[in-house]
Amino acid sequence: MTDLVALDIGGTHARFALASVTSDGRIDLQEPVTLKTDDFASLQTAWAEFARRCDKPVPNAAAIAIAGPVTGETVRMTNNSWVLHTGALDEQLRLEKVTVINDFAAVSHAVARAPEDAFIHLTGPETPLPDRGTISVIGPGTGLGVAHFHRFATGYHVQATEGGHVDFPPIDHIDDLILQRLRQQHRRVSVERVVSGPGIVAIYEALAALEKRAVPEMEDRRIWQLGIDREDALATAAVDRFCLSLGGVAGDFALGHGASAVVIAGGLGYRLRERLPRSGFAGRFRFKGRYEQFMSSLPVKLIVHPQPGLFGAAAAFAHEHLGAA
Ligand SMILES: Nc1ncnc2c1ncn2[C@@H]1O[C@H](COP(=O)(O)OP(=O)(O)OP(=O)(O)O)[C@@H](O)[C@H]1O
């Protein structure tokens, strides 16, 4: 067994948790400590604060998930002043062993390792995730995370992607309107301009324009809250439309990845856990012309693990350092 610190560094928060992993892939994760990245000048000072809050010395091993490309180069976090040199985190934090991984690749490790009761069923056959073949993992949050992993007889392999940056694919006249409006701001409209937390603003404003309604400017979080709680008809319609687009995009990635199952993750996947099964998500997921029947054969699930980033980072550490399959 190895003790380590699991760490998930997002745009707004850094989450730390003590964890232990074994070579047969068992992961024990303790209650996380969440710090606002803005409150700390650097990762080192946030790490020192976490160490101060622990009631025992922190382990000298870490699994670090980062919302950004992990290339061994310097990453400047977009929403705070942290500068991470992903190839030198062991030196910066005085660690003997470290795994550094893209945060959405970590989520894919979590999907690969999570027990069956960490998933709820969304559409397709109500079977467990297949033990062979490719599984697509799609997670809307601040952006749109896309990855996939391939299961084979002796283990699995995770592949991170930049799928959030593929072109937005309009299907109907409302999508056309959303695209047309976004084109006035961006030369090229990527899918995460629509299928992500901030994307709800573009959807909401396009629906208002369709109805020729003047609406006050609203922040994404407010629209989400009004729409999820069904407190405002237009915000509710925007959330329903988001579910539809998420279904279409998840289906596209499943086709593109050659997947035999799909898992929805991300902060918004979790917030929409009750809404997605009762939305147009499944219809749009299947709506792929001659592949409609094929799409109906794919199980689609939502991961409801409370800390997939931390759990997945620890799993990636076990994979890299302990040879866990
Ligand atoms: N109650 C809420 N609080 C925060 N964000 C919300 C809420 N409801 C909806 N959202 C949307 O979810 C997005 C954040 O997604 P998520 O919670 O997955 O964050 P993240 O990408 O993991 O980043 P971080 O962990 O750094 O906060 C926001 O951009 C916002 O549009």
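Quick caveat, the model's predicted, so the values are computed rather than measured.

Side note on the sheet that holds strand β11 (residues 144-152)
Here's step 1: Reading across from one edge, β9-β14-β13-β10-β11-β12 is the order of the six strands in this open sheet, with mixed pairing throughout. At either end of the open sheet lies a strand with only one pairing partner, and these are β9 (119-123) and β12 (155-160). Averaged over all pairs of adjacent strands, the angle between their axes in this sheet comes to 25°, without regard to strand direction.
Here's step 2: Sheet analysis places β11 next to β12, joined by six bridges and oriented antiparallel. Note on β12: the bridge partner recorded for A147 is A160.

Observations concerning the site of the ligand
Here's step 1: Near the ligand, the surroundings consist of 15 residues, among which G11, T12, T142, D220 and G267 are the closest.
Here's step 2: One nitrogen or oxygen atom from the side chain of T142 is found 2.8 Å from an oxygen atom belonging to the ligand.
Here's step 3: The separation between an oxygen atom of the ligand and a polar main-chain atom of G197 is 3.4 Å.
Here's step 4: Surface burial for the ligand is 73%, taken as the share of its 640 Å² of free accessible area covered by protein chains.

Quick word on the nonpolar core
Here's step 1: Ranked by size, the top nonpolar core spans 48 residues in total, and within it I138, F242 and I264 carry the most contacts.
Here's step 2: Going through the elements one at a time, β11, α4 (173-183), α5 (199-210), α6 (220-228), α7 (233-257), β13 (261-264), α9 (281-286) and β14 (300-303) are the ones with two or more residues in this core.
Here's step 3: The element contributing the most residues to this core is α7, with eleven residues.
Here's step 4: In this structure, I27, A118, F149 and A265 belong to the second largest nonpolar core, which totals 40 residues.

Focus: the packing of α6 against α7
Here's step 1: Packing of α6 against α7 leaves a shortest axis separation of 7 Å and a crossing angle of 95°. Taken together, the axes of α6 and α7 lie roughly perpendicular to each other. Between α6 and α7, the residues in contact are I223, W224, L226, G227 and I228 and A235, T236, V239 and F242, respectively.
Here's step 2: Looking at the contact of α6 with α7 residue by residue, the class counts come to seven nonpolar, two polar and no charged.

Description of the layout of surface pockets
One simple way to see leftover space: roll a probe sized like a water molecule over the atoms.
Here's step 1: Estimates place the volume of the largest pocket at around 1900 Å³.
Here's step 2: For the lining of the largest pocket, the elements supplying multiple residues, two or more each, are β2 (13-21), β6 (74-76), α3 (103-113), β10 (133-140), β11, α6, α8 (266-271) and α11 (308-321).
Here's step 3: Sorting elements by how many residues they give to the lining of the largest pocket places α8 first, with five residues.
Here's step 4: Classifying every residue of the lining of the largest pocket by side-chain character gives 16 nonpolar, 24 polar and ten charged.
Here's step 5: There are two domains that each give the lining of the largest pocket at least three residues, and those are domain 1 (2-114 + 305-321) and domain 2 (163-303).
Here's step 6: In this structure, the second largest pocket occupies an estimated 450 Å³ of space.
Here's step 7: L182, Q185, H186, R193 and P198 are the residues nearest the centre of the second largest pocket, which is lined by 19 residues in total.
Here's step 8: Of all the secondary-structure elements, those providing two or more residues to the lining of the second largest pocket are α4 and α5.

Considering the environment of D117
Here's step 1: Within the element layout of this structure, D117 appears in the loop between α3 and β9.
Here's step 2: For the pair D117 and I303, spaced 186 residues apart in sequence, the C-alpha to C-alpha distance is 9.1 Å.

What counts and how
- Residues numbered from 1 in each chain as written.
- Predicted model: local features only at pLDDT ≥ 70, side-chain atom pairs only at ≥ 80, totals over all residues.
- Heavy atoms only, no water.
- Pairing = 2+ DSSP bridges.
- Helix = DSSP H or I, 4+ residues; strand = E, 2+ residues; numbered from the N terminus.
- Axes fitted to C-alpha atoms, helices over the stretch in contact; angles between N-to-C directions.
- Near = heavy atom within 4 Å.
- Polar contact = N/O pair within 3.5 Å; in protein donor to acceptor, adjacent residues only side chain to side chain.
- Areas by Shrake-Rupley, 256 points an atom, 1.4 Å probe, with all protein chains shown as cover.
- Core = buried A, V, L, I, M, F, W, Y, C linked by side-chain atoms within 4.5 Å.
- Buried < 20%, exposed > 50% of the residue type's maximum accessible area, 1.4 Å probe, protein only.
- Parallel < 35°, antiparallel > 145°, perpendicular 65-115°, else oblique.
- Contact = heavy atoms within 4.5 Å.
- Nonpolar A, V, L, I, M, F, W, Y, C, P; charged D, E, K, R; others polar.
- 1 Å grid on protein atoms, 1.4 Å probe; cavity = no way out; pocket = protein on both sides within 12 Å on 5 of 7 lines; lining within 4 Å.
- Points joined across faces, edges and corners; volume = space filled by probe spheres on them.
- Domains from an automatic or database assignment.

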